[in-house]
Amino acid sequence: MGAMPEATRPAVPRSFATAQVQAGFVSGLAENTAVPSIHQSNGFEFASLSEARDLFALRKDGNIYSRAANPTVLVFERRVAELEGGIGAAGVASGQAAVAVALLALAKQGEHIVAARQLYGGTVDLLQDTFADWGIEASFVDQDDLAAWQAAVRPTTRALFAESISNPIAQVLDLGAVAAVARRAGVPLVIDNTVATPYLQRAKDFGADIVVHSATKFIGGHGTSLGGVVVDLGTFDFTAEPERWPQLTHTYPRVPDGSLVERFGATASPYIALVKTKYVHDLGPSLSAFNAFQLLQGLETLDLRMERHTASALAVAEFLQTHPAVARVHHPGLASSPWHANAQTYLPRGASSVFAFDLHATGDADADFRLVEDLISRLQVIRLVANIGDARSLVAHPASMTHSHMSPAQLAEAHISPTTIRLSIGLEDARDIVDDLRRALDGVVASAPAETAGAERQLAESSSR
Ligand SMILES: *Cc1c(COP(=O)(O)O)cnc(C)c1O
C-alpha cells in the first residue's frame, strides 16, 4: 500500500543523494532494466481467480488496476516517502489532487480545517469554495500569528494546514510553533512542502505529520509533467483518540476483518491506505505511469538542482535590492526579510528560488500595470509563464495573473502590491539571469515618464560611481 516492504529498505542507512537515485526500485524483472520501467498498462493479469479474490480483498499486496496502484508510480511513492522520512506515500495526478485527498481523508462533512491564509490560490479555492459546498469548513489565519492558529481550533477541527514556504512573497513558516498548536489540538499538521522540497526542508524534523507536494514543480523540475504526492510521516497516532478518526479505527467495509489500523497499522500507513483505497479509488485522480517516470527522472537530480536554484535566486535577490527601480525584494535569504530568522532555522541549505520583488508603484493602477508589462516585455532569458520550479527562469505578475481574483484588501494582507513581480529562478547561468533583469530594469528607468525620474537620476549617479 505504498509503504516500503522489506525488500526495498536499504541494508545500511542511505544519504539523501543516494536515496534520490536508488530508493524504491529493485531490479528484478525478467528484462533486468537498470532504470524503473514505464509500466503503461491499465490492468494486470492474475495467476488465478483465487489470487484475484485475495488481491481484491486487500488480503494480499499486488497490482490490480492502475487507477489504484501502478508499479512505476509505486517506485515514485517509495522514493519520495524515503526522502521525506515517511512511512508511506500516495502519488496522484497533480498537487491540487494531493491537497484534496490528503485533507478529505482527515475531515468530513461537519468538520473543520485551520489553514494559513497565505496558501496557494488553488488551495484557497478548494477550501473556501468546493470544501464549503461539501460541508467541510475552513478558517484562514495569518500564518505568523500563533495566537490566531490557537484561537481558530474547534472541537471539530481535524487538521492544520500550511506551506513551509509560501508564494509569491516567500514567507517561511514557523513550523515548530504551528506543530505545537497542532499537538495541543490533537490533530495532524499537514505541510505543503512544494517550494522547499525535501532537500531544503525535512518537515518531519520540525513536527509536521503529513506532507503534500505539487511534484509538478521542483520534484519533476523540468516543466513537463503534472503530479502530486501525499506522504505520511508516521508521527501522528490516530489511535490515541480513536473516536476522532472512525475512518481509520472503525470497521472499514473495504477490507475484511476490521479497521484500516488493524489491517495496516503494524506494517504500513493506514492513512495512506485510506487515501488510496477510498479517495483516489473513488474520485480517480491517479498519477500516470509516464508522469511517474518523468518525476522519477527529476528526483534523481533534486539536490543538485536545488543547490543551483537556491544559489542563483539569492544572487538575483542581492542584485535586485541594489537596483534603483526596485522598491523591495521579498527573499528570506536577505537580512532585510522579516522571515530571515525563520529561514536560518528551517532552511539551512537555502531559501529556494521562488520569490518576488516590487517596482516603485505610481499609485495609478493602469500606470503600474504598464510599468510591469514594460519590464516583462524587455526580458529575454526569463519567460512569462504561470508555473514555478521549472529548469527555465519564469516570471509572473500576481496582481493580474495568479492572484487576480483577490480584493485589494486581500492583496494588501498578502503583501502583494500592484507592482509585485514573482520570479522562479531556473537553472540557467545566474549571470545571464542577472544581466537580463539589469537590462530590463535599466530600460524601464530610461523610458519611464516623470513618475520614475527619481530612479533614473539615482541610476545615473550609481553607474557614474
Ligand atoms: C502548484 C502548486 C499546487 C498545485 O499543484 P498542481 O500540480 O498545479 O495541481 C499546490 N501547492 C503549491 C504550493 C503549488 O505551488
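Residues numbered from 1 in each chain as written. Predicted model: local features only at pLDDT ≥ 70, side-chain atom pairs only at ≥ 80, totals over all residues. Heavy atoms only, no water.

A. A look at the sheet that holds strand 8 (residues 326-330). The strand order across the open sheet formed by 5 strands is 8-9-12-11-10, and the pairing between neighbours is mixed. The open sheet terminates on both sides in strands that have one partner only, identified here as strand 8 and strand 10 (383-384). The sheet contact formed by strand 11 (residues 394-396) and strand 12 (residues 420-424) spans 3 bridges and is antiparallel. Along strand 12, the bridge assignment pairs Val 395 with Leu 423. With respect to the sheet, helix 15 (residues 365-378) is in contact with strand 9 (354-359), strand 10, strand 11 and strand 12, its orientation differing from that of strand 9 by roughly 125°. (Pairing = 2+ DSSP bridges. Helix = DSSP H or I, 4+ residues; strand = E, 2+ residues; numbered from the N terminus. Contact = heavy atoms within 4.5 Å. Axes fitted to C-alpha atoms, helices over the stretch in contact; angles between N-to-C directions.)

B. How the structure looks around the packing of aromatic side chains. Counted according to the given criterion, the structure contains 8 aromatic pairs. Grouped by ring-pair contacts, the aromatic residues Phe 236, Phe 238, Trp 245 and Tyr 271 constitute a single cluster. Over the face of the ring belonging to Trp 245 we find Arg 158, whose NZ or CZ atom lies 5.8 Å from the ring centre. We note Lys 217 situated over the ring of Tyr 120; from NZ or CZ to the ring centre the distance is 5.2 Å. (Phe/Tyr/Trp six-rings, centres within 6.5 Å; stacked < 30°, edge-to-face > 60°. Lys NZ or Arg CZ within 6 Å of the ring centre and 35° of its normal.)

C. Looking closely at the nonpolar core. Judged by nonpolar contacts, the single largest core of 136 residues is most densely connected at Phe 76, Tyr 271, Leu 320, Phe 355, Phe 357, Leu 423 and Leu 437. With 8 residues, helix 4 (residues 95-104) is the single largest residue contributor to this core. Composition of this core by domain shows at least three residues from each of domain 1 (49-298) and domain 2 (302-464). Ignoring sequence-local partners within four residues, the contact set of Phe 76 consists of Gly 91, Ala 215, Ile 219, Gly 228, Val 229, Leu 287, Ala 292, Leu 295, Leu 296 and Leu 299. (Core = buried A, V, L, I, M, F, W, Y, C linked by side-chain atoms within 4.5 Å. Buried < 20%, exposed > 50% of the residue type's maximum accessible area, 1.4 Å probe, protein only. Domains from an automatic or database assignment.)

D. Fine view of the domain arrangement of the protein. One can read the domain layout of the protein as domain 1 (49-298) and domain 2 (302-464). Inter-centroid distance (C-alpha atoms) of domain 1 to domain 2 is 32 Å. Residue-level contacts link 31 residues of domain 1 with 39 residues of domain 2. Both sides together, the interface formed by domain 1 and domain 2 hides about 3200 Å², and carbon and sulfur atoms give 61% of it. Summed over the shared surface of domain 1 and domain 2, the number is 1 salt bridge. A salt bridge links Glu 413 to Arg 117, with the shortest nitrogen-to-oxygen separation between them at 3.5 Å. Contributing elements (two or more residues each) for the side of domain 1 that touches domain 2: helix 7 (175-185) and helix 8 (197-200). Ranked by residues supplied to the side of domain 1 that touches domain 2, first place goes to helix 8 with 4 residues. Partitioned by chemical class, the residues of the side of domain 1 that touches domain 2 number 16 nonpolar, 10 polar and 5 charged. (Buried area = accessible area lost by both parts, 1.4 Å probe. Salt bridge = Lys/Arg side-chain N within 4 Å of Asp/Glu carboxyl O. Nonpolar A, V, L, I, M, F, W, Y, C, P; charged D, E, K, R; others polar.)

E. Region of the structure containing the packing of helix 4 against helix 11 (residues 270-283). Their axes nearest at 9 Å, the elements helix 4 and helix 11 cross at an angle of 120°. Helix 11 is crossed by helix 4, and the crossing has right-handed handedness. Between helix 4, through Val 101, Ala 102 and Leu 104, and helix 11, the contact on the second element is made entirely by Tyr 271, Val 275, Tyr 279 and Leu 283. (Left-handed = near helix turned anticlockwise from the far one by under 90°.)

F. Representation of the UniProt feature "modified residue: N6-(pyridoxal phosphate)lysine" (unreviewed entry) in the protein in the model. Mapped onto the present numbering, the UniProt feature "modified residue: N6-(pyridoxal phosphate)lysine" (unreviewed entry) falls on Lys 217. Tracing the sequence through the fold places Lys 217 in the loop between strand 6 (210-214) and strand 7 (228-232). Among the residues examined, Lys 217 registers a relative accessible area of 12% and is labelled buried. Sequence-distant contacts of Lys 217, that is, excluding residues within four places in its chain, are made with Thr 194, Asn 387, Ile 388 and Gly 389. (UniProt positions renumbered as here; feature names shortened; annotations may be inferred.)

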